[in-house]
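Residue strings, one per chain:
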Amino acid sequence: MLTEEQSLIAEMTTSYALDMLAPNAARWEEEQTLSRDAFKEMAELGLGAIYAREEFGGSGLGRIEAVLAFEGLARGCVSHATMLSIHNMMTWMTDRFGSDELRARFVPGLATCDLVGSYCLTEPGAGSDAASLKTRAVRDGDSYVLNGSKMFISAAGWSDLYLVMARTSDDGARGISAFIVEKGTEGLSFGKKEQKMGWRAQPTAVVNFDDCRIPAENLIGEEGQGFKIAMAGLDGGRLNIAAASLGGAQEALVRSIRYAQERKQFGQAISEFQATQFKLADMETELQASRSFLYEAAHRMDAKTEDSTKYCAMAKRFVTDTCFNIVNHALQIHGGYGYLNEYEIERILRDLRVHQILEGTNEIMRVITARSLLNEYKI
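Residues numbered from 1 in each chain as written. Predicted model: local features only at pLDDT ≥ 70, side-chain atom pairs only at ≥ 80, totals over all residues. Heavy atoms only, no water.

> Tell me about the packing of helix α1 (residues 4-31) against helix α9 (residues 345-353), and please be specific about residues and values.
At a closest axis distance of 12 Å, the pairing of α1 and α9 adopts a crossing angle of 65°. For α1 against α9, the interelement crossing comes out left-handed. Residues Ala 25, Ala 26 and Glu 29 of α1 pack against Arg 347, Arg 350 and Asp 351 of α9. Class assignment of the residues belonging to the contact of α1 with α9 gives a composition of 2 nonpolar, no polar and 4 charged. (Axes fitted to C-alpha atoms, helices over the stretch in contact; angles between N-to-C directions. Helix = DSSP H or I, 4+ residues; strand = E, 2+ residues; numbered from the N terminus. Left-handed = near helix turned anticlockwise from the far one by under 90°. Contact = heavy atoms within 4.5 Å. Nonpolar A, V, L, I, M, F, W, Y, C, P; charged D, E, K, R; others polar.)

> Run through the packing of helix α3 (residues 63-74) against helix α7 (residues 274-303), naming residues and quoting values.
At a minimum axis distance of 7 Å, the contact between α3 and α7 shows a crossing angle of 145°. In contact with Arg 63, Ile 64, Glu 65, Val 67, Leu 68 and Glu 71 of α3, α7 contributes Arg 291, Leu 294, Tyr 295, Ala 298, His 299, Met 301 and Asp 302. When grouped by side-chain class, the residues that make up the contact of α3 with α7 number 7 nonpolar, 1 polar and 5 charged.

> Tell me about the packing of aromatic side chains, residues and numbers included.
Scanning the entire structure with this criterion turns up 10 aromatic pairs. Centroid distance Tyr 259 to Tyr 337: 6.5 Å. Interplanar angle 55°. Geometry classified as tilted. Here Tyr 259 is found in helix α6 (residues 226-262), whereas its partner Tyr 337 is found in the loop between α8 (308-334) and α9, with 78 residues between them in sequence. Exposure remark for Tyr 337: the relative accessible area of 35% places this residue in the partly exposed category. Aromatic side chains Tyr 259 and Tyr 343 sit 6.2 Å apart centroid to centroid with 90° between the ring planes, which places their arrangement in the edge-to-face category. (Phe/Tyr/Trp six-rings, centres within 6.5 Å; stacked < 30°, edge-to-face > 60°. Buried < 20%, exposed > 50% of the residue type's maximum accessible area, 1.4 Å probe, protein only.)

> Break down the side chain of Ser 143 for me, with residues and values.
Summarising the element assignment, Ser 143 is placed in strand β3 (residues 143-154). Sequence-distant contacts of Ser 143, defined by excluding residues within four places in its chain, comprise Val 138, Arg 213, Ile 214, Pro 215 and Ala 216.

> Would you mind going over the pairing of strand β7 (residues 204-215) in detail, with residue names and values included?
Direction of pairing for β3 relative to β7: antiparallel, over a ladder of 9 bridges. Directly across from Val 145, in β7, lies its bridge partner Arg 213. Examined bridge by bridge, strand β6 (residues 188-190) and β7 share 3 bridges and lie antiparallel to one another. Each bridged residue has a counterpart across the sheet, and for Phe 190 the counterpart in β7 is Val 207. (Pairing = 2+ DSSP bridges.)

> Now, about the pairing of strand β5 (residues 176-182): what can you tell me, with residues and values included?
Of all the 7 residues making up β5, 6 are buried; the element is thus mostly covered by neighbouring parts of the structure. With 7 bridges joining them, strand β4 (residues 161-167) and β5 adopt antiparallel strand pairing. Note that in β5 the partner of Leu 163 across the bridge is Ile 180. Pairing of β5 with strand β8 (residues 219-220) involves 2 bridges; the strand directions are antiparallel. Across the sheet, Phe 179 pairs through a bridge with Leu 219, a residue of β8.

Note that every value here comes from positions in space, so none of it alone points to a role or purpose.
Quick look at the structure:
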């Protein structure tokens, strides 16, 4: 059961999404742009730093509140909901592991979305095997000099801050450190905007570092802590991405129910056909199962249970797979109209597909789950 405050968060974000995001989502996709105004508005609702501490402007809420927020926002625009999730992950990493000086410099602006943050982990040769990344940061006096490139970076060139994982030694995962690079820093550049299947409102591009010199105090935590920081951030990121899938699927189901009652064939509404009713029933059942699983994983992460990482992985895999299938069923109910962008079901379908890939592919989620099980029942 949700608390009164949690129910209000769900209602507030859903209402905002349907009133303010949904009417603009098609235009943002066509223009391939994110809205700064929307980010400022979401920040005014307390969503710019949801689980960052209150000291520097964070909302100080938990993971279940974040899940409710991103589920609600995705009802209106999956692209904006998921980019805000990435921004929140970057903000939390800065607030949780950064020095007090670093937090004071950046967290207040991130909380108001006067600054928007991106997360730079993936490289051309380091996707699922993140520990093999090659971008390097070399200490030079009171600076670090970065060289390398990151790919598939959301809001590359649009965001103001970039949290970058770079290698400070050759000691495998223990040789990775985390840094903040500000837009406009000499040596920081961006590749061409990628043309993607979904998330088209989000600009995605390669981020290049060519002798990119940053202050040494932009190191988050200590040298060698980067991989640990990255993995800690991804647990929450997986919940948020699953929540966005849940919100997108919920919107697709609602639209399908309305369409089925309006669309007439063979002299009656297609909602009167048992085949349609069974499909809608299965969609609702699968949606509620996904919601229960996701909320349980969020509660476990808030409680810091030993199995929270496993639950985050399981929930991410189950919810993103299931919700994509729900939207696919929604498209089928709409028939040929579902294939037209005017009805927007096809956009939800395209947006949700990448959720089975990013924040760790669903195959990697199975690896995490299996390793946990084998360790738990080791003989």
